[in-house]
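Coordinate inspection notes
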Amino acid sequence: MKSAESEQLTAVDLKRNFFEVKEDMKPKEAIDEANRCLYCYDAPCMNACPTGIDVPSFIKKIATGNLKGSARDILDANPVGATCSRVCPTSELCEGACVLNDVSMPIRIGDLQRHATNWAMEHEVDLFEPGVPKNTKVAIVGGGPAGLSAARELRRLGHEVTIFEAKEKAGGLDTYGIVSFRLPQSVSLWEVEQVEKLGVDIRTNCTVGKDISPETLKNDFDAVLVTVGMGQVPKLGIEGEDLTGVYDAIQFVENTKTKALTEQFIGKRAVVIGAGNTAIDAATCLIRSGARNVKIIYRRTEEEMTAYPFEFEFAKQDGVEFRWLTQPTKIIGDESGHVRQLECVQMMLGQPDQSGRRRPVPIEDSSFLMDVDIVVRAIGQSRHLDLLNAFGLNHDSGVLQLNADTYQTSSAQIFAAGDVVYGSTEYGDAMVVSAAEQGKRAAYAIDKKLSC
Amino acid sequence: MADLSVNLAGIKSPNPFWLASAPPTNSGYQVQRAFEAGWGGAVWKTLGDPVINVSSRFSASTFNGQKVAGFNNIELITDRPLEVNLKEIYETKKKFPNHAIVASLMVEPKQEKWHEIVKKVEAIGVDGLELNFGCPHGMAERGMGSASGQVPELVEKQTHWVKEVAETPVIVKLTPNITDVTATAYAAVQGGADSISLINTINSLMGVDIHSWNTIPHVSGKGTHGGYCGPAVKPIALNMVAECARHPEINVPISGIGGISNWQDAIEFMLMGSTNVQVCTAAMHHGFRIVEDMIDGLNNYLDEKGLARAMDLVGQTVSKYQNWGDLDLNYKVAARINPDKCINCNKCYISCEDTSHQCIDRLLDANGKSYLKVREDDCVGCNLCSIVCPVDGAIDMIEYPSEVEMTWNERQSLLGKMTIGEETVS
Amino acid sequence: MHEHQLFMEEKERIDNLVEQGYKITGIEENLSGAYVHFDYIDHDNRNVETQILHVLSADARKYFTTLLVAKEKRFD
Ligand SMILES: Cc1cc2nc3c(=O)[nH]c(=O)nc-3n(C[C@H](O)[C@H](O)[C@H](O)COP(=O)(O)OP(=O)(O)OC[C@H]3O[C@@H](n4cnc5c(N)ncnc54)[C@H](O)[C@@H]3O)c2cc1C
Ligand SMILES: Cc1cc2nc3c(=O)[nH]c(=O)nc-3n(C[C@H](O)[C@H](O)[C@H](O)COP(=O)(O)O)c2cc1C
Ligand code: SF4
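Residues numbered from 1 in each chain as written. Chains lettered and ligands numbered in written order. Predicted model: local features only at pLDDT ≥ 70, side-chain atom pairs only at ≥ 80, totals over all residues. Heavy atoms only, no water.

As recorded by an unreviewed UniProt entry, chain A carries the name FAD-dependent oxidoreductase and is attributed to Terrilactibacillus tamarindi.

Here it is as C-alpha cells:
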C-alpha cells in the first residue's frame, strides 16, 4: 500500500489501495493445506461455525480436486459463504477451534473456504434448485445477508419470495459497509445473483415505509420477515458536528465502495472516534485514501476495545495511531465552516458499569486541542425505530422483541432476523455469519408455520 | 564414529548404501558423482544386448499430496553398447578403488551367452556380478528378467552357468512377482549363488487418466504394465527379505532392496538380515545427496546404541520373525488415551466405532469438557486407534504380558489330545 | 458390543465348574464355537457327572485352553 507520507499518491495508487489485501491461495497451496487437515470426526471447527459448515468435508473435497462439491458444502450451509470466507473473524470461530492449535498451526479454514467459493464464482454452475411450489408468499424487508439467506432457503422450500430493498443493490452491509480491501463488492453481488437465480424477486430502490407500506405487505403476503439491520452511526451529541469534514463511518466506507475514490483526503489529518471494528475500517480506509495522519480516539483503554485483535493489528500495521482514555468534547471549525480542531478531555477508569467494564470518567482540567481536518464518528449504529413502529411491533429502543424458537415478533405473521434483532450492543460486533444463520433459521420457522 | 563398512559375500564397501541397478547408475559420470556424494557402492545399470527404450517411461503415485509414494517404470536395461559401459566402469573403478562396483547382467537363458558376458565384464575389473532375474516388463516378453526369474529351474541353471566361469562373487537379484520368493531364492543358492538381492520391481499399472482414459504412463495412447518400487513397496520387500533370511536353507548373505528412503529403513532391512541395502527411487526423487543423511543417521544410531560396526546389526531381528502359529495368544495390548496429549480430533473414536470393536467412549468431565476413554476390557489391541492418531504419545498401547504363554500351535496340539471321547488329560 | 461381558460370564461358568472339581475331558471346536466337556470324577476314578459348556467368546475359548496349557507347563 502506498501512503501519503512516503510518496505522492495518484488516482491509480488510490484505486490499488482498495484492492483486496489478501491474495487468493494458489492451487497447490490450497491442496497442501487441505491435506494437512485431520478430517476430525464431529469436528470442533464445524461446531464453532455459526452456520455449521461441514468444514472437514469441504476441505477433504479440495484435497481430492472436487471443488464443485466443496463449494456446494459451504454454500449449502451458508448462502453468503464466499463473503464469510473473507470477513469472518475466523481466529475467534472455526480456526480458533481447530484441534491443531494445540500441536501445530490451525488449518487456514477461511482461506480454503475462499478458494472453494472462488471456484464457484468462476464457474457458472447451479448448485441449488428451487423447491416444489407451495403457493405461499413471503415478503422479506431488507436484502442484507440475513434476508438473502432466508430468501434462498425459503425458495428451496418452495415458497414464493420477494425481497424489498431500500438501496440500489442488495447485499446490505456486505455490498455497502465492509471495506473493499477485505470484501470486493463483486463477491457480495455474486451472492445476490445466486439468490435471484433461484427465482427470488428482488425489488431494489424500494424502501418499506416509504415506497410501500407495512400494511400492504401484511395484506399481500402470508408472512413477512424483517431483516433491515441497523442504521447510520448516531450523532456524538457535541458541538460542531455539522461542520464540513465530519463523517459517519458507515457512510464514509460506503462512499469508498460506491463512488469514484476521491483525492480530497490526501495529506489530511483525521480522527476516528470509537474503537470497534467499524472505527478500524474507517481508519484504514482513511489511510488508504491518502490521509497523512489517522488517530483513533477512544474513551476507554485497549482492554475494553471491542475490535478484534487481528483488526487492531491490521490497523496498527496500516499506521493508524491510537489515543486511549480520550473523549471528544467539541469540534471547532474555521471561518469557512470546515473542521479545524478537536477539543478532547483526558479520561480515567472508575467503577465498573453494568457491562462489568470500568466506566471512564473525565479528569478535571485535562482538556486539550488537536489539529485535525477530518472527524469520523464510529460509535455504533442507530436503530430503525420508525419502521418497527410502522409495523406496530414491540421493541426495546429498536431491538425487536423476538421469540427465540419461532423467530416471530410480537405479531405472529411477522418474523425477524439479523442485526435488527441481535445486532451490535456495546459488548461486541454483529457478524455476517450470524445474520446468515439467523436468516436460515427464520426461513425454517416460517416454512413450519406456513406448512401447517 | 562407528565402522560403517560392510562385506557382502566378499564384496567390500565403505558403507552399506549402494545404488541399485537403474537409471542412477547408467553411466560413469553418474556413478562417480554418486561416490563423491558418499554412496558406498553401485550396481551398474543392467548390461546385455543394448535395447531401444520407449519415451514416456516413468510415473508415480501421489497420496494425499505426497509425491512419489510409489514409482513405476517401463524402462528396459541399458541402451548403450557393452564396450562403452565397460570403459566407464574401468575408469570409475580406477578413481574409486575402495568403492564397490557390481555389474548387473541380463542375457538370454543360454549358457554361451552367460559365459561370454561374464568373461568380458570380469576382464575389465568389477567387484562382483548381479544376475538380473527380476525386471517384470519388456525383457520378460523376450524370455529374460522375471520370465526366467519366476522359474526356479531356470534360476538355478543360469546361476550355475555363471558360476562355471565367474571369478568374482555372484549375486542373484530376485523378482517379487512370484507367490513364494523362497522357492527361487533356494534355487539360486542351489545354483551356487554367493548372495541374493531382493526385491526387483513389482508388476503394476500406475493408473488410468480419468480424463483421456489413457493408461498412465501411455506411449502414443497405449500402455503396458510396469515395475513398481519406492516407499509403497517397502513392507513387501521387507517381508520377502525376512522370509529368505529365516529360511534355514537359504544361507547366503542378502542385499536388501525396495523402498528404502532413509537410514531408518536401511537399519530395518539390516536387522531383518540384509548385509547391505540398495536404493533407487529415493535417489531418483531427491538426488544423490540424500545419502549424506543416511550415513550420518546410521552412524549416530550406532553410536547411540553403543555398536562399533554396522555389520553388528545384520540379522538381529530375524529370529523374532516367526509363523503366526508360534505367537502367544495370551499376550495382550490395550489402548490408553492420554488426555494431556489428546487434541480431541475424535479420529480414534470413529475408526474404532465404525470399523473396529466399538470400545472408545466419548465422555464429559466434571467441567463439561469432552474426553475419550478406552474400555480396556473390550479393547482387542488391534492398534487402529493409535495408528490413526495424529499426535505422538496421545495413545499408548499398554502391554499386558501373559502369565502363561500359549501359542496357537500349542493350543492345537492340546486340542488334538482332547478330542471328545478320548481319555482325560487334565 | 460389550464382548468383554460375555467373556466374564463364560469365564465364571468355567471357573465354577473347575472349583467344584470338574475337569476338562474333551473339546470339540466347530463353526459354532467350542463345546467343552467337564467331567466330575470321584475318588474311585469313576465318572460321576458330565457337563457340557458351549463357549462362544474368543477370550473364553482362549481361557479354558490356557488353564490346560498352564497345567501341562507346570508338569513339564
Ligand atoms: C463497517 C462495518 C464493518 C463490518 N465488518 C464486518 C466483518 O468484517 N465481519 C462480519 O462478520 N461482520 C461485519 N460487520 C457486521 C455485518 O455487516 C452485519 O452484522 C450484517 O451485515 C448484518 O446483516 P443484516 O442482513 O442483518 O443487515 P444489513 O447487512 O445491515 O442489511 C439490511 C438491509 O436492509 C435494508 N433496509 C433497511 N431498511 C429498509 C427498509 N425500510 N426497506 C427496505 N430495505 C431496508 C438495507 O438497505 C440493507 O440492505 C460490519 C458492519 C459494519 C457496519
Ligand atoms: C526406472 C527404473 C529402471 C530400473 N532398471 C533396472 C535394471 O536395469 N536392472 C535391475 O536389476 N533393476 C532395475 N530397476 C529396479 C531397481 O534396481 C530396484 O530393484 C527397485 O527400483 C526397488 O528399489 P527402490 O524401491 O529403492 O526403487 C529399475 C528401477 C527403476 C525405477
Ligand atoms: S478442527 Fe482443524 S484439523 Fe480438525 S477437521 Fe477442522 S480444520 Fe481439520
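**Examining the interface of chain B and chain C**
Contacts between the two partners involve 21 residues from chain B, matched on the other side by 25 residues from chain C. Where chain B packs against chain C, one counts three salt bridges. The shortest N-O distance in the salt bridge between C:Lys73 and B:Glu410 comes to 3.3 Å. Where chain B meets chain C, there are 12 residue pairs in polar contact (both at pLDDT 80 or more). Each residue belonging to the side of chain B that touches chain C can be placed in one class, and the counts come to seven nonpolar, six polar and eight charged. (Contact = heavy atoms within 4.5 Å. Salt bridge = Lys/Arg side-chain N within 4 Å of Asp/Glu carboxyl O. Polar contact = N/O pair within 3.5 Å; in protein donor to acceptor, adjacent residues only side chain to side chain. Nonpolar A, V, L, I, M, F, W, Y, C, P; charged D, E, K, R; others polar.)

**Examining the packing of aromatic side chains**
Geometrically, a pair of aromatic rings is defined through the distance of the ring centres and the angle of the planes. Applying the stated criterion across every chain, the model contains 18 aromatic pairs over all chains. Ring centres of A:Tyr41 and B:Tyr349 lie 5.6 Å apart, and the angle between their planes is 35°; on these two criteria the pair is classed as tilted. Within this pair, whereas A:Tyr41 is found in the loop between helix 2 (27–36) and helix 3 (44–48), its partner B:Tyr349 is found in helix 11 (residues 347–355), the two belonging to separate chains. What makes A:Tyr41 partly exposed here is its relative accessible area of 32%. (Phe/Tyr/Trp six-rings, centres within 6.5 Å; stacked < 30°, edge-to-face > 60°. Helix = DSSP H or I, 4+ residues; strand = E, 2+ residues; numbered from the N terminus. Buried < 20%, exposed > 50% of the residue type's maximum accessible area, 1.4 Å probe, protein only.)

**Quick look at the domain arrangement of chain A**
Entries for chain A in the domain assignment read domain 1 (23–123), domain 2 (137–231 + 383–450) and domain 3 (246–377). A separation of 34 Å is found between the C-alpha centroids of domain 1 of chain A and domain 3 of chain A. (Domains from an automatic or database assignment.)

**Some words on the sheet that holds strand 13 (residues 374–377) of chain A**
Residues and elements named next belong to chain A. The five strands are arranged 5-13-6-7-8 in an open sheet whose pairing can be described as parallel. A strand with exactly one partner marks an edge of an open sheet, and here the two such strands are strand 5 (246–248) and strand 8 (321–323). Sheet twist, expressed as the mean angle between neighbouring strand axes with direction ignored, is 25°. The sheet contact formed by strand 6 (residues 269–273) and strand 13 spans four bridges and is parallel. (Pairing = 2+ DSSP bridges. Axes fitted to C-alpha atoms, helices over the stretch in contact; angles between N-to-C directions.)

**Notes on the nonpolar core**
Among the nonpolar cores identified, the biggest contains 80 residues, and B:Trp39, B:Leu47, B:Leu105, B:Val121, B:Leu129, B:Ile196 and B:Leu198 are the most heavily contacted of them. The contacts of B:Leu198, once residues within four sequence positions are left out, are B:Leu174, B:Val181, B:Met240, B:Val241, B:Cys244, B:Ile254, B:Ser255, B:Gly256 and B:Ile257. (Core = buried A, V, L, I, M, F, W, Y, C linked by side-chain atoms within 4.5 Å.)

**Some details on the site of ligand 1**
All names here are of chain A. Lining the immediate surroundings of ligand 1 are 34 residues, of which Val-87, Glu-165, Arg-182, Asp-419 and Val-432 lie closest. In this structure, a nitrogen atom belonging to ligand 1 sits 3.1 Å away from a main-chain N or O atom of Ala-166. One of the backbone nitrogen or oxygen atoms of Leu-173 is found 2.9 Å away from an oxygen atom of ligand 1. At the level of elements, helix 9 (145–156), helix 14 (277–288) and helix 18 (432–451) are the ones that each hand at least two residues to the shell around ligand 1. Counting contributing residues per domain, the shell around ligand 1 is built from domain 2 (137–231 + 383–450) and domain 3 (246–377), each supplying no fewer than three. (Near = heavy atom within 4 Å.)

**Let's talk about a nonpolar patch on the surface**
Residue and element names in this part refer to chain B. Together, Trp-324, Leu-327 and Trp-408 line one region of the surface with nonpolar side chains, adding up to about 360 Å² of accessible area. Examined against the element boundaries, Trp-408 turns out to sit in helix 13 (residues 408–417). According to the relative accessible area criterion, Trp-408 is partly exposed, its value standing at 38%. (Patch = residues over 30% accessible without salt bridge, like charges linked within 9 Å, V, L, I, M, F, W, Y side chains within 5 Å. Areas by Shrake-Rupley, 256 points an atom, 1.4 Å probe, with all protein chains shown as cover.)

**Topic: the pattern of salt bridges**
Residues and elements named next belong to chain A. Under the criterion given, the structure shown has 51 salt bridges over all chains. In this structure, Glu-153 and Arg-156 form a salt bridge, with 3.2 Å as the shortest nitrogen-oxygen distance. Of this pair, Glu-153 and Arg-156 both sit in helix 9, separated by three residues, roughly a single helical turn. On the accessibility criterion, Glu-153 (6% relative accessible area) is buried.

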